[in-house]
Amino acid sequence: MKLIQLLGSVFLSYISLAGHAQQAVPFNDKKWVIESQGSLQEFYKGYNCLYLQNGQAYLKDEKFGNGVIEFDICLTERVSFSGIIFRIIDSKNFEELYFRSQLSGMPDAYQYAPVCNGNSSWQLYHDQHDAVNDGYIHWKPAGNSWGYNGVLNYVFDEWMHVKLVVKGSQAELYLGKNPQPVAFIKELKRGPAAGSIGIKSAAGATRFANFSFTATDNPEMKSSGSVNVQTPNGTVSNWQLSSSFFKEAEVSNTYQLDPKLENRQSWKNIQAEKTGIINISALGAIIDSANTVFAKLVVVSDKDQVKKLNIGYSDAIRAFCNGQLSYSGSNAFWSRDYKYLGTIGFFDALYLPLKKGENTIVLAISEGLGGWGIMAKWENMDGIRLNQQPFLKKATQE
């Protein structure tokens, strides 16, 4: 009897291990779906590899939620954004982590970003540390870090091993022979839903070899912890966003908000993330150049006064106070100098001329590339309060 129990235990252990075994998938395997500007199977520096230009390759029929992804990559010093894509729900919704090979040794040498409805949000998720909240840009490795980007030093024209451990809402990155993680991503943004896995190459061509993965719900992770988010006082945590997107041209050449444009909108209540950011791309896709959305606040003031509202946005904004254009700006990639990333933070401010009683603040936020978002905080809320009831009633009626 004991022998039967022992054999049964061994058999179950074998089945469990087999389910979590590392699976190697050569790039000439028919399981791969390759969508790219160009690709080539070749032998390079000791390995059979895939030379991938501006595209992606993924294992369509594999479901990966948690586990380990490994491969070798051969970077050059040319500009490229090459790396891993995982938890792929479809071609427009997945997680990605990529290497900026041209920025070896720089604070943004690698980047994690969620891709939602076809838009990668790297401008929203970055580690300028306290700059997001204090309004000063300082890429120094100090303070709380989300692990969304950081300093890495690459080798060029040589094979470099890459390993990503994914568990729940966190991930670890290993490079080369280093037994310790070089990056710890403390909060993946798309959730734990399983999807397919693969690799990507953008703005250039990159070689990949020796791809393998292990799907397991409990991979070994050496890092632990979370970011202690201290939301600044006055942060706007609840917004009303228009339920439909429209073209930027509808607001680009006006000093007064068109009542017809505003009145045709229905509104939905949107809760900001812990940092105060709303990732607008998570709400829908840009279709037929409809790249603009309204974000709306109703402010009740106890007197006529000017109030400062700090804002972070991506990529462009037009602010209307009681229907009058009071501010417009661009925070787009390369909009301020040739190295400007357009990352979001409290780098701009509105000085709103509030009247006694109810005031309507409408922000038209437009997207171009790299992240569509809004965040705001009041300098102080003395003599004002937010009133969301009018929008909630209108949304209910519609």
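(A) Quick peek at the overall build of the chain. Of regular secondary structure, the chain possesses 5 helices and 24 strands. Out of the 398 residues belonging to the chain, those deemed buried represent 50%. Contacts in the chain between residues at least 24 apart in sequence constitute 74% of all its contacts with a sequence separation of at least 6. With the model as given, the accessible surface of the chain reaches about 18,800 Å², and the carbon-plus-sulfur share is 51%.

(B) Region of interest: the environment of N359. For N359, the position within the fold is in strand β22 (residues 357-366). With 60 residues separating them in the primary sequence, N359 and V299 have C-alpha atoms 5.0 Å apart. Beyond its immediate stretch of four places on either side in the chain, N359 contacts L297, V298, V299, S301, N322 and L354. Reaching out from N359, the side chain makes a polar contact with the side chain of N322 at a distance of 2.9 Å.

(C) Up close: the confidence of the model for the chain. Per-residue pLDDT for the chain has a mean of 89; in total, 88% of the residues score no lower than 70. Residue range residues 390-398 is modelled with pLDDT below 50. Its contacts to residues more than four positions away, or to other chains, number 16 contacts.

(D) Examining the pattern of salt bridges more closely. Applying the stated criterion across every chain, the model contains 10 salt bridges. Of the charged contacts in the structure, one is a salt bridge between K200 and E96, with a shortest N-O distance of 3.1 Å. Here K200, found in strand β13 (residues 195-215), pairs with E96, found in strand β6 (residues 93-100); they are 104 residues apart in sequence, far enough to count as distant. Judged on exposure class, the residue K200 and its partner E96 are both buried. Between R318 and E248 there is a salt bridge; the shortest N-O distance is 3.1 Å. Of this pair, R318 sits in strand β19 (residues 316-321) while E248 sits in the loop between β14 (238-242) and α3 (249-252), placing them 70 residues apart in sequence. In the salt-bridge network here, residues are joined through shared partners; they are E187, K189, E273 and K274.

(E) The pairing of strand β17 (residues 292-301), seen in detail. The buried fraction of β17 is high, at 10 of 10 residues. Burial along β17 is two-sided: T292, F294, K296, V298 and V300 and V293, A295, L297, V299 and S301, pointing in opposite directions, are all buried. Where β14 and β17 come together, 2 bridges link them in antiparallel fashion. Bridge pairing in β17 places L241 opposite A295. The pairing of β17 with β22 spans 10 bridges and is classified as antiparallel. Paired with V300 across the strands is E358, a residue of β22. Bridging between β17 and strand β24 (residues 384-386) involves 3 bridges; their strand directions are antiparallel.

(F) Broad picture of the packing of aromatic side chains. Tallying each qualifying case throughout the model produces 17 aromatic pairs. Grouping aromatic residues by their ring pairs yields a cluster made of F27, W32, F71, F208 and F211. Taking the ring centre of Y174 as reference, the NZ or CZ of K163 above it sits at 4.9 Å.

(G) Structural detail: the nonpolar core. By size, the foremost hydrophobic cluster in this structure holds 45 residues, and its most contacted members are F71, F99, Y154, I199 and F211. For F71, the residues in contact, after removing those within four places along its chain, are G83, I84, M160, H161, V162, I199, F208, A209, N210 and F211. One finds A295, A319, L363 and I374 within the second-largest nonpolar core, a separate group that totals 28 residues.

(H) Molecular detail of the sheet that holds strand β18 (residues 305-314). Reading across from one edge, β16-β23-β18-β21 is the order of the 4 strands in this open sheet, with antiparallel pairing throughout. Among the strands making up the open sheet, the edge pair consists of β16 (278-279) and β21 (348-354). As defined by bridge partners, β16 adjoins strand β23 (residues 373-378) across 2 bridges and the pair is classed as antiparallel. Residue I278 lies in a different strand from β23, and its bridge partner there is I374.

(I) Main features of the environment of M381. Tracing the chain through its elements places M381 in the loop between β23 and β24. Between the alpha carbons of M381 and G234 there is a distance of 6.8 Å; along the sequence they are 147 residues apart. If near-sequence neighbours (up to four positions away) are discounted, M381 is found in contact with G234, K307 and L386.

(J) Focus on the environment of A215. Positionally, A215 belongs in strand β13. Spatially, the C-alpha atom of A215 lies 4.5 Å from that of G67, the residues being 148 residues apart in sequence.

Procedures and definitions
In this convention, every chain numbers its residues from 1, walking through the sequence in written order. Per-residue local features are limited, in this predicted model, to residues with pLDDT of at least 70; the limit for side-chain atom pairs, both in listing and counting, is 80 or more; totals at the level of whole chains, interfaces and linings are taken over all residues. Calculation of side-chain values draws on the structure's entire complement of heavy atoms; hydrogens and water are dropped beforehand. The helix and strand labels rest on DSSP assignments: H or I over at least four residues marks a helix, E over at least two residues marks a strand, and numbering proceeds from the N terminus. Relative accessibility thresholds used throughout: buried, under 20% of the residue-type maximum; exposed, over 50%; partly exposed, between the two (1.4 Å probe, protein chains only). We call two residues in contact when some of their heavy atoms are within 4.5 Å. All accessible-area figures derive from a Shrake-Rupley calculation using a 1.4 Å probe, and residue coverage is judged against the displayed protein chains alone. Counted as a polar contact is a pair of N or O atoms within 3.5 Å, where, for protein atoms, one must be capable of donating a hydrogen and the other of accepting one, and residues adjacent in sequence contribute only when both atoms are in side chains. Each residue carries a pLDDT score, the predictor's confidence in it, ranging from 0 to 100. A side-chain nitrogen of Lys or Arg and a carboxyl oxygen of Asp or Glu constitute a salt bridge if their distance falls within 4 Å. The pairing criterion is simple: DSSP has to find at least two bridges between the two strands. Working definition: a ring pair exists when centres of Phe, Tyr or Trp rings (six-membered ring for Trp) sit within 6.5 Å. Plane angles under 30 degrees give stacked, over 60 give edge-to-face, the rest tilted. Two thresholds decide whether a charge sits over a ring: the Lys NZ or Arg CZ must be within 6 Å of the ring centre and within 35 degrees of the ring normal. The term nonpolar core refers to a set of buried residues drawn from Ala, Val, Leu, Ile, Met, Phe, Trp, Tyr and Cys, joined through side-chain atoms within 4.5 Å.

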